[in-house]
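Residue strings, one per chain:
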Amino acid sequence: MTRSDLLALTPDALAALANRGLVKRAVKELDAGVVPALDTDPSGAVQGKFPDGTTTTLPPGIALDAAGCSCGATGVCRHRIAVVLAYQRTQEAGAPAELWSPGAVTDADLVALMGERTLRRARRAFQAGYRAKLRRPSQEDQTAQAELPTCTVTFLVPGDLSYVHTDAVNKDEATALAVWAFQEADAQGTDTVDVGGSPTTATDLTAVTDLLDQLLLDGATNASEVLDVAWQRLHRDLTAQRLHWPAAVITDLLAQLAAYRTRSADYEAEQFAALLTELHARTTATGARAEVLGPDEPAETPLKRVRLTALGARLRSETTADVYFASGDVVLVQRDTPLRTGQKLATSNVVSESATRNASRAVTLKTSRVAKTSLTPVGTAWDHLPQALVVDDYDKAAAHLADLPPRQVRARVEAELVRAIRVSEVTDLAYDPAAQRLTATLHSPTGTTCSLVATHRAIAPNALDALTTALRANPTTVTGSVRRHRGGLVVDPLAVHCDAGVVVPDLAKDTTPQPLAPGVTASDPLSAAVDSALTVLAEAAHRGLDHLTDSLLGRVREVGAHLHKAGLKTAAAQVTAFADGPASASWLRAYLRLLVTADAR
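The paragraphs below set out a description of the structure included in this document. Worth saying up front: this structure is predicted, and the values here are computed from it rather than measured.

So, how was this worked out
- Residues numbered from 1 in each chain as written.
- Predicted model: local features only at pLDDT ≥ 70, side-chain atom pairs only at ≥ 80, totals over all residues.
- Heavy atoms only, no water.
- Helix = DSSP H or I, 4+ residues; strand = E, 2+ residues; numbered from the N terminus.
- Rg over C-alpha atoms; globule rule 2.2 N^0.38 Å.
- Buried < 20%, exposed > 50% of the residue type's maximum accessible area, 1.4 Å probe, protein only.
- Contact = heavy atoms within 4.5 Å.
- Areas by Shrake-Rupley, 256 points an atom, 1.4 Å probe, with all protein chains shown as cover.
- Lys, Arg positive; Asp, Glu negative; His and termini not counted.
- Charge placed at Lys NZ, Arg CZ, Asp CG, Glu CD.
- Expected span 1.5 Å × (residues − 1).
- Polar contact = N/O pair within 3.5 Å; in protein donor to acceptor, adjacent residues only side chain to side chain.
- Axes fitted to C-alpha atoms, helices over the stretch in contact; angles between N-to-C directions.
- Parallel < 35°, antiparallel > 145°, perpendicular 65-115°, else oblique.
- Nonpolar A, V, L, I, M, F, W, Y, C, P; charged D, E, K, R; others polar.
- Pairing = 2+ DSSP bridges.

Some details on the overall build of the protein
Part 1 of the reasoning: On a plain count of helices and strands, the protein comes out with 19 helices and 28 strands.
Part 2 of the reasoning: A globule of 601 residues ought to have a C-alpha radius of gyration of about 25 Å, and the protein, at 27 Å, matches this closely.
Part 3 of the reasoning: By the burial criterion, 49% of the 601 residues in the protein qualify as buried.
Part 4 of the reasoning: Relative to all contacts within the protein whose residues are 6 or more apart in sequence, the contacts with residues 24 or more apart total 65%.
Part 5 of the reasoning: Just so you have it, the protein exposes about 27,200 Å², and 51% of that area is on carbon and sulfur atoms.
Part 6 of the reasoning: With 60 positive and 68 negative side-chain charges, the protein shows a separation of 3 Å between the mean positions of the two kinds.

The following block contains the structure:
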């Protein structure tokens, strides 16, 4: 009897079940001649006896961590992995396997796996609705994967639900949701699906309208702190209904108001205006609930054991940083990490048994007396990142960004567009002193090019010098957030892997000033017109529509004329309509149009 499940376990699949270090150790010992003697009984159980007397038995239909091993280790040990690898080496390569979809699993199969009670809990999440992004098997990689709102589920062995890996504590429920996502995707012939639930309607958030109108009429300069109480009450109500995205917008709005009242530099009029517009867009948009309003998931989901690869960090203040991690096919971020901790995490592989993840893909690494968190250097981990996070064809990545829905109504997730950019060469390094901006051209292994743009921030005075040094030291990968501009890809860097290892510019100290060729940021009349219009209309929201002056309305008409001259006639018409009849509805229409236009440049 041939064990097709053991043959299907790739090194990556084994690393997911254990860790890459154990897989490497098992391979090294096998190559050194420490090979177990294998025997397969009629039932299909594979037994391996090692030279040191350790015996490992892998019965069919039993997960690898539940298989017996006399070494006494809990979970997947190197002996179990070695038996799998040794068994694979004894088998001849067969014909390519027929590709399998988890959508072929029936509800009867799920009941047999987890019981009706667990399946009922999963059905409640199904009825609320959720969005899933799927990766289907291929001849090169036969694993199937579903990215759910708060976890990732990977089917490691075709047709065998005993080899399902997820970072969620509730593995069975996550498995059922992933299976239903594949069923829906198989029916639709797509890889991103909205599963269950019902479409969002404009009546879902009618309670927001009055508060939004009042805040827009008052503006940040005149907003009463009494109104904050109503916003906080609404936030609690939305959170209780698990409407995560509008609740998150309200959190950011209140933070902007608090920053303005304390004269903090964190307040930005354009950010305040963008948040008002996003809340309006989510109130009025129709579409999948999980996309517009957020998945019907708890505020936080505990993870049983998570493996993270740091992708760099961005300073938020003098004492805190955001640290970015690759977790499977997604990027998670730990916000407001104390700087001392962030410096350790930003270039590490992290294994934690005390992590939580929310629907926005923010992760929290907690400490406790029981759970453990271990750190090791990133090393070569960036070479093994999932393909979904890697960009090696810049033009293809830019085209993908162009197909995304407007960010004002798509899932409000952290670090949504953080990627690992493969680099073969860096050219055109230059610095524009007027804009305090470093620019460079990155060349991909496939021959395409993109722009790297990094702007000086007073909070990270050494960042540009450290970035310049790293870009001159044979970089192979740059991590950062990506966006489109003029049809091309632009990268805002977080970290660089080069001859010196992983460099995180924001955390750099004691750098040497680097000479750079002078550069000048190219002017773009269309972008300038849109940016000017956003600035002027944001000032209107900042002052409040009840407090507009003739001078400001005159400036609104001027930017409307500039938009028309630049060829943006619809945006121009809506901006002019606001100037002719200042009201919440006309301002929101105009600003939303400008934001969408700016993202599509």
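A few points about helix 4 (residues 78–90)
Part 1 of the reasoning: Taking 1.5 Å as the rise per residue, helix 4 with 13 residues should run 18 Å; its terminal C-alpha atoms sit 18 Å apart, in good agreement.
Part 2 of the reasoning: Counting buried positions along helix 4 gives 10 out of 13 residues, so the element sits mostly inside the fold.
Part 3 of the reasoning: Along helix 4, the residues classified as buried are His79, Arg80, Ile81, Ala82, Val83, Val84, Leu85, Ala86, Tyr87 and Gln88.

Here's the deal with the environment of Arg136
Part 1 of the reasoning: Tracing the backbone shows Arg136 in the loop between strand 5 (130–135) and strand 6 (144–147).
Part 2 of the reasoning: On the basis of relative accessibility, which here comes to 29%, the residue Arg136 falls in the partly exposed class.
Part 3 of the reasoning: Along the chain, Arg136 and Asn222 lie 86 residues apart, while their C-alpha atoms are 53 Å from each other.
Part 4 of the reasoning: A distance of 3.3 Å separates the side chain of Arg136 from the backbone oxygen of Thr190, its partner in a polar contact.

Re the side chain of Glu147
Part 1 of the reasoning: In this structure, Glu147 sits in strand 6.
Part 2 of the reasoning: Engagement of the side chain of Glu147 in a polar contact is seen with the side chain of Arg361, the distance being 2.2 Å.
Part 3 of the reasoning: Once residues lying within four places of it in the same chain are set aside, the contact partners of Glu147 are Arg131, Ala132, Lys133, Thr152, Val330 and Arg361.

Some words on the packing of helix 11 (residues 269–284) against helix 19 (residues 584–599)
Part 1 of the reasoning: Two elements in contact, helix 11 and helix 19, have axes whose closest approach is 10 Å; the angle formed by their N-to-C orientations is 105°. Considering the angle they form, helix 11 stands roughly perpendicular to helix 19. Where helix 11 approaches helix 19, its residues Glu270, Ala273, Ala274, Leu276, Thr277, His280 and Ala281 are matched on the opposing element by Trp587, Leu588, Tyr591, Leu592 and Leu595.
Part 2 of the reasoning: Taken together, the residues that form the contact of helix 11 with helix 19 break down as 9 nonpolar, 2 polar and 1 charged.

Quick look at the sheet that holds strand 18 (residues 363–365)
Part 1 of the reasoning: What the 3 strands build is an open sheet, ordered 12-17-18; its pairing is antiparallel. The open sheet terminates on both sides in strands that have one partner only, identified here as strand 12 (301–303) and strand 18. In this sheet, neighbouring strand axes are inclined to one another by 25° on average, regardless of whether the strands run parallel or antiparallel.
Part 2 of the reasoning: Examined bridge by bridge, strand 12 and strand 17 (residues 355–357) share 3 bridges and lie antiparallel to one another. The residue of strand 17 that forms the bridge with Pro302 is Thr356.

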